[in-house]
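So the chains spell out like this:
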Amino acid sequence: MTKSPQRSPRVFEDEEAAYHWVHSSFENQGTVVPDDVRSKLGLRGLVPAGVDSFANQKERALEQLRLKKSELEKYMFLSWLKNTNLQLFYRLLLDNLEEITPLIYTPTVGSACLQYSHIQPFLAPPGQLDGLFISINDLDNLDEIFQNYIAALPEPDLLPQITVITDGSRILGLGDLGVNGMGIPVGKLQLYVAAAGLDPRRTLPICLDFGTNTERYLNDKLYLGLRQQRPDDDQFFQAVDKVMKALTRHFPNIFIQFEDFSSEHAFALLDKYRDHYFCFNDDIQGTGAVILSGFINAVKQAPVEPTQHRILFHGAGSAGVGVAKQLMDYFVIEHGLSEEEAKAKFWLSDSKGLITLDRGDKLAQHKVFFARKDNEGKQFKNLLDTMDYVKPTVLIGLCAQSGVFDAKVLQRMAKLNERPIVFPLSNPLANAECTFEQAMQHTDNRVIFASGTAFPPYTIPNTQETRIPGQGNNMYIFPGLGLGATLAKPRCITDKMIYAAAEALANSLNEEETAKGLLYPRLTRIREVSVDVATALCRQALADNVAKDKVVLELGSSDALREHARVNMWEPTRSADEIMTCKI
């Protein structure tokens, strides 16, 4: 019998550094690594002999992405790329932002979440961290869970500075997806990195696995979460309390974003924690801020006095009420109205019609604030009847009902207004209240439009003029807000800070964008816009006397604050020369 040759261990100049390079998605750059470094890493013969260029890597990755037949396949490819070659992933994303953003977040992330338990093992190599899964049955082991996370970090000194947390109970407009909702915090944090330069090594996605009430997941043998019903409210809030205390015990300065909780829980968590923790709810505050920004610019285009607007919301969940409250601030801050005078400009409707105090059904607590009491006993059960009563100048959809802004609704808006403002904001695409094409066609091309999901430009047949739709994408707000928050380290996020962020976004349009009648800047300028938002947030944190960071306090509201925000944005590598920064 032939005796196998004895294996001799590979010897590196710095074995710990070499191991780190080989196993770190942040450091290891595959075929770009030069020949002499490959020798030090013990990789000679284990990769093709040719030393690649970073430009070739990008071209190869983009080629493979475009060869994928479905959006879900593209999502899976990009997830694998992020978890194996992080620098390449983010450079590819930033260089192709408009093409790739819809693939890593809305609308594709909705499909990915629906299939998450079926595809999760194929999104990353074995052992690669996807984030933290915290089971409601594991609340006595929270310290162990966080210690396990820290121990698994490739660089334990780089503790997370931002986390996005969901319990999967209301994912986009798709409902209760349970642990499948993990795709949302993962995707959201990728946008924090791409749009505002948060360090990807310091981001922490968390999914609270509190069970699910969706039968198809409870009966799906491939479902990866707990197979049990969700807890009652008392158990829920006690569980979240324990998680918050453990999270901030291990990471005292972490910025916490709540994402896609059920409406009632979303409002309650924000009310409970906003003054005691460094936290923010993107569904309520982020959506409200980005729509406020678009609204500020839409009002400039509409031939109606700002204080004469009548605003009708169709959809009264957490996002709808959150947006309405944010728009109220515009009338209070910019036009000096009292809160009651501002609130009187809003009408909200849901599946049962106009929301009134005397409608006869028990209203969810968050709906009571905007419930009308001046309807003189009249009730309006459908959207068209409500529109005839309200005569809105602005129609906003957050009801997740596809096509509910049909031809009759849009034509009614066009009849009531010279320049109707229509914002169908529901995500994903399948839930949009109407498309941009429909809004243009049924308003004689007079609509002032912004949507929650992306729509293509529309060319007017007779004139061949091309109009570009606005997209009220939270990506315009939350990344810059997160950058500003991690820099200023305020004790809490105040309402004035949210308004300052929205106002900064509205004012960020350049001359070309303003001349084209856009409501939002082009997405390709997102990093520049995020600096505007971050700077405004830091300045307002100083004005509100809640900023704690020493550097921000020393800089004050000077012009140097903007440069401070800009230079603190992480940037992925552009060339092989930049990659070779680690001494082996």
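Residues numbered from 1 in each chain as written. Predicted model: local features only at pLDDT ≥ 70, side-chain atom pairs only at ≥ 80, totals over all residues. Heavy atoms only, no water.

The name given to the chain in an unreviewed UniProt entry is Malic enzyme, with the source organism recorded as Dispira parvispora. UniProt lists a comment for the chain under the heading Sequence similarities (unreviewed entry), and it reads "Belongs to the malic enzymes family." (UniProt positions renumbered as here; feature names shortened; annotations may be inferred.)

K.L.:
So what exactly am I meant to see when it comes to the state of the cysteines here?
P.N.:
A covalent bond between the sulfur atoms of two cysteines is what we call a disulfide. Across all of its chains, the model carries zero disulfides by this definition. We note that Cys207 lacks a disulfide partner, and the nearest cysteine sulfur, in Cys113, lies 9.1 Å from it. No disulfide involves Cys538; its sulfur sits 14 Å from that of Cys492, the nearest cysteine. Owing to a relative accessible area of 2%, Cys538 belongs among the buried residues under this scheme. (Disulfide = S-S within 2.5 Å. Buried < 20%, exposed > 50% of the residue type's maximum accessible area, 1.4 Å probe, protein only.)

K.L.:
Just to check I follow, could you spell out the packing of aromatic side chains for this structure?
P.N.:
By convention here, two paired aromatic rings are described through the distance between centres and the angle between planes. Counting across every chain of the model gives 25 aromatic pairs. With 4.8 Å between their ring centres and 80° between their planes, Phe89 and Tyr90 make a pair best called edge-to-face. By the burial criterion, Phe89 is buried, and Tyr90 matches it. Where Tyr217 meets Tyr223, the ring centres are 5.6 Å apart and the plane angle is 25°; that geometry is what we call stacked. We classify Tyr217 as buried; its relative accessible area is 4%. Taken together, the aromatic side chains of Phe210, Phe236, Phe237, Phe258, Phe261, Tyr273 and Tyr277 make up a single cluster linked through ring pairs. Here the guanidinium or amino end of Lys325 rests over the ring plane of Phe369, the centre of that ring lying 4.8 Å away. Taking the ring centre of Phe369 as reference, the NZ or CZ of Lys343 above it sits at 4.4 Å. (Phe/Tyr/Trp six-rings, centres within 6.5 Å; stacked < 30°, edge-to-face > 60°. Lys NZ or Arg CZ within 6 Å of the ring centre and 35° of its normal.)

K.L.:
What's the story with the side chain of Thr393 in this structure? I'm lost.
P.N.:
Inspection of the secondary structure puts Thr393 in the loop between helix H18 (383–390) and strand E9 (394–397). A relative accessible area of 9% means that Thr393 is categorised as buried. Residue contacts for Thr393: discarding those within four places in its chain leaves His309, Arg310, Met413, Asn417, Pro420 and Ile421. (Helix = DSSP H or I, 4+ residues; strand = E, 2+ residues; numbered from the N terminus. Contact = heavy atoms within 4.5 Å.)

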